[in-house]
Every structure is written in structure tokens, then in C-alpha cells.
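These are the residues of each chain, in order.
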Amino acid sequence: MQVKIGCEMVYESVSPTPMVMLVSARQETMYHHLLRETHRFTPDIPVHEYKDEFDNPMWRFLAPPGQLHIFYDAVAEVPPTSDPQLFDLPGAFIQNLPDEVLPYLLPSRHCQSDLVAGEAWELFGSVEWGWKQVQAVCDWLHSNVVYGKGSGPSTSGYEAFQARQGVCRDFAHLGVMFCRALSIPARYVCGYLPDINVPPDPTPMDFHAWFEVFLDGAWRTFDARHNIPRTGRVLIGRGRDAVDVALVTTYGNTSLNWIKVWADEYKADQTDGVSD
């Protein structure tokens, strides 16, 4: 199966402003294989591409004074099946974890797992260790946290837990925070998610956030916001929390005037305007 993903943004800057952006899909992941992509900046400006410490594909550029229009469009191949559910997978003893996984056990700016250790073990400590325990976290969050606007870029997982409200970013932070409190490595993920084999979401399409946990030697997908297996995920980036996976970082007086995001199933005979 193929999906068409992308976004358009219009920024306005008072003066030349350094910016770093993370909206392009990775070339290949467990979720997708990128077939082709294109991006345009109007006015045309130099863009430096690099990989950050988490191997996320970054754009770095100097936004000129006035408006800057940014366009990204791509086609990716994804499995036709939904997220796997492997309820019998066990957890992993910390002493057996790979070295590179250990940082994902620690508290981070937006995932203060040390602040919810008591609640985590009280709520989920009796659940069978491994996949079932993580699923119990997702079930609880989906049932007890209201999806709704109100949080912002500085809202932490602990603040969302106290408010019992948040958007997908907050649900991902909450999932990561509780799993780390249970000594399960977890990391924050953002990407594109089409509405395939599910009722259309009435809210406007935007970027989506979910989380991954390390079980039985591999990273596994969980999504407390939707809490059902989904089809067509296209990965943009991973990190300890949203600080590491900020879609846009600006270093000056810049405002976002307009944004549009798309993620849809794509048929090979469509005319999409995407070039290699």
C-alpha cells in the first residue's frame, strides 16, 4: 500500500531568522519505505540538510524577512496491515538491555517519570509484565484523559496527567512517562497518520505523535490517543520527548501564519505532482 503525505506552511519573519525544521519522512523505517519526495521554499533559499543525534532528517536555513512558503510532498510504501499486537511479549531485564536503550529509561523534560512512579506502580504494577502492562497504560490513558485543545509546547506529561486533558503530543508523553516509571524503555515518536480503515476524523489533519517501547529485543508501537491498531504510519522523527522532535525551532521573531498537513492512501495511477 502507498500513502501520500506532506505539508505546507507559511512563516513570516521580521528580520533574517535562523530556523531548523523536521517535517520530512525518514527514508526507511519499520513503518514505511520512502519512494519519492520533493520540497520547495518560496522565495528560493539555501537549505542545509543533516541528521541529528537521533538520526532524524533535519533542514537548517535562514528565513528571510517577510513571508516564507514551505512545501513538502512525498509518497511512501507502508504495510497494508495495521499495527501488530503481540500480547504475549515479555519485558526485558534492565541488565540485558542494549547500551543505546538505557537513556530511554530516564526522566526527560516532558516525561517526568520520577514524579509518577508511585501512581504507575499503584495503577499498573499488578498487570502482567511486558506488552500487557503497556497496553494497560494505554487503556487507562485513553479512558481517563480527555482529548482536547489547551496544552502548548511547554506542557509536560506530568501537567497533562494532572489536568487529565491533552492532544496527541500529550498522550505520547504520558505513555512514555508511565512506561519509564515502570522500568520499560520508551521513546517519543512523531509522523504522519492517514485515516485508513477507520472513520474519518472530524478534526483537521495535523502531524501525529505516538510512542514506542522496547520489548523482547525490538521497539514496538503504541498509540494511547487512538488506542486501536492503525494502518499507514509514516515516521518523521524519534527522541526522548517532543523537545528532541520539535517540528520547527526558530531563533528570532517569526510567526506561523498558515499550515496544512495531509496523509492519505495513494493510488499509483493518481497524478500527484511529486517528483524524484
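Look above for the structure.
Residues numbered from 1 in each chain as written. Predicted model: local features only at pLDDT ≥ 70, side-chain atom pairs only at ≥ 80, totals over all residues. Heavy atoms only, no water.

Participant: Run through the overall build of the protein chain, naming residues and quoting values.
Facilitator: Of the regular secondary structure elements, the protein chain holds four helices and 14 strands. The globule rule puts the C-alpha radius of gyration for 276 residues at 19 Å, and the 19 Å found for the protein chain is close to it. Dimensions of the protein chain along its principal axes, counting C-alpha atoms only, are 55 × 45 × 40 Å. Taken across its 276 residues, the protein chain has 52% of its residues classed as buried. Contacts in the protein chain between residues far apart in sequence, at least 24 positions, make up 77% of those at least 6 positions apart. Carbon and sulfur atoms make up 51% of the accessible area of the protein chain, which amounts to about 12800 Å² in all. Within the protein chain, the 35 negative side-chain charges are centred at a point lying 1 Å from the centre of the 21 positive side-chain charges. (Helix = DSSP H or I, 4+ residues; strand = E, 2+ residues; numbered from the N terminus. Rg over C-alpha atoms; globule rule 2.2 N^0.38 Å. Buried < 20%, exposed > 50% of the residue type's maximum accessible area, 1.4 Å probe, protein only. Contact = heavy atoms within 4.5 Å. Areas by Shrake-Rupley, 256 points an atom, 1.4 Å probe, with all protein chains shown as cover. Lys, Arg positive; Asp, Glu negative; His and termini not counted. Charge placed at Lys NZ, Arg CZ, Asp CG, Glu CD.)

Participant: With reference to specific residues and values, describe the side chain of Arg26.
Facilitator: With respect to the helices, strands and loops of the structure, Arg26 is situated in the loop between β2 (17-21) and β3 (33-42). On the accessibility criterion, Arg26 (10% relative accessible area) is buried. Polar contacts involving the side chain of Arg26 include one to the side chain of Asn56, which spans 2.5 Å. What Arg26 contacts, discounting residues up to four positions off in sequence, is His32, Leu34, Phe54, Asp55, Asn56, Pro57, Leu235, Ile236, Gly237 and Arg238. (Polar contact = N/O pair within 3.5 Å; in protein donor to acceptor, adjacent residues only side chain to side chain.)

Participant: Describe the pairing of strand β10 (residues 208-215), listing the residues and the values that go with them.
Facilitator: In summary, the side chains of a regular strand alternate between the two faces of the sheet. With eight of its eight residues buried, β10 lies for the most part within the structure. With six bridges connecting them, strand β9 (residues 186-192) and β10 associate as antiparallel partners. When the sheet's bridge partners are listed, Ala186 is paired in β10 with Val213. (Pairing = 2+ DSSP bridges.)

Participant: Go over the sheet that holds strand β11 (residues 218-222), please, and point to the residues and values.
Facilitator: Neighbouring strands of a sheet are bound in pairs by backbone hydrogen bonds; such pairs are parallel or else antiparallel. Here four strands make up an open sheet; going across it, the order is β11-β10-β9-β12 and the pairing antiparallel. Because the sheet does not close on itself, it has two edges, and the strands there are β11 and β12 (234-239). Sheet twist, expressed as the mean angle between neighbouring strand axes with direction ignored, is 35°. Helix α2 (residues 131-144) rests against β10 and β11 of the sheet, and its axis sits at about 30° to β11. (Axes fitted to C-alpha atoms, helices over the stretch in contact; angles between N-to-C directions.)

Participant: Before we move on, can you summarise the packing of helix α1 (residues 117-124) against α2 with the specific residues and values?
Facilitator: The contact between α1 and α2 brings their axes to 10 Å, and the two run at 105°. When the interaxial angle is binned, α1 and α2 end up roughly perpendicular. Every residue of α2 that contacts α1 at Trp121, Leu123 and Phe124 is listed here: Gln133, Ala136, Val137 and Trp140. Of the residues contributing to the contact of α1 with α2, the split by class is six nonpolar, one polar and no charged. (Parallel < 35°, antiparallel > 145°, perpendicular 65-115°, else oblique. Nonpolar A, V, L, I, M, F, W, Y, C, P; charged D, E, K, R; others polar.)

Participant: Just give me the short version of the packing of aromatic side chains, but keep the residues and values in it.
Facilitator: For any pair of aromatic rings, the description consists of the separation of the ring centres together with the inter-plane angle of the planes. Evaluated as defined, the whole model comprises 19 aromatic pairs. Judged by centre distance (5.9 Å) and plane angle (40°), the ring pair of Phe71 and Trp262 falls under tilted. Pair noted here: Phe71 is in strand β6 (residues 66-77) and Trp262 is in strand β14 (residues 254-266), with a separation of 191 residues, a long-range link. A residue is classified by how much of its surface remains accessible, and Trp262, at 12% relative accessible area, is buried. Among the aromatic residues, those joined into a ring-pair cluster are Phe124, Trp140, Tyr158, Phe161 and Phe178. Looking at Arg187, its charged tip hangs above the ring of Trp219, at a distance of 3.9 Å from the centre. The residue whose ring lies beneath Arg225 is Tyr147, and the NZ or CZ to ring-centre distance is 3.6 Å. (Phe/Tyr/Trp six-rings, centres within 6.5 Å; stacked < 30°, edge-to-face > 60°. Lys NZ or Arg CZ within 6 Å of the ring centre and 35° of its normal.)

Participant: Report on the sheet that holds strand β4 (residues 48-51), specifying residues and quantitative values.
Facilitator: Read across the open sheet, the four strands follow the order β4-β5-β2-β13; overall the sheet is antiparallel. Each edge of the open sheet is held by one strand with a lone partner, namely β4 and β13 (248-250). Taking each pair of neighbouring strands and ignoring which way they run, the sheet shows an average axis angle of 20°. Where β2 meets β13, three bridges bridge the pair, whose relative direction is antiparallel. Bridge pairing in β13 places Met19 opposite Thr250.

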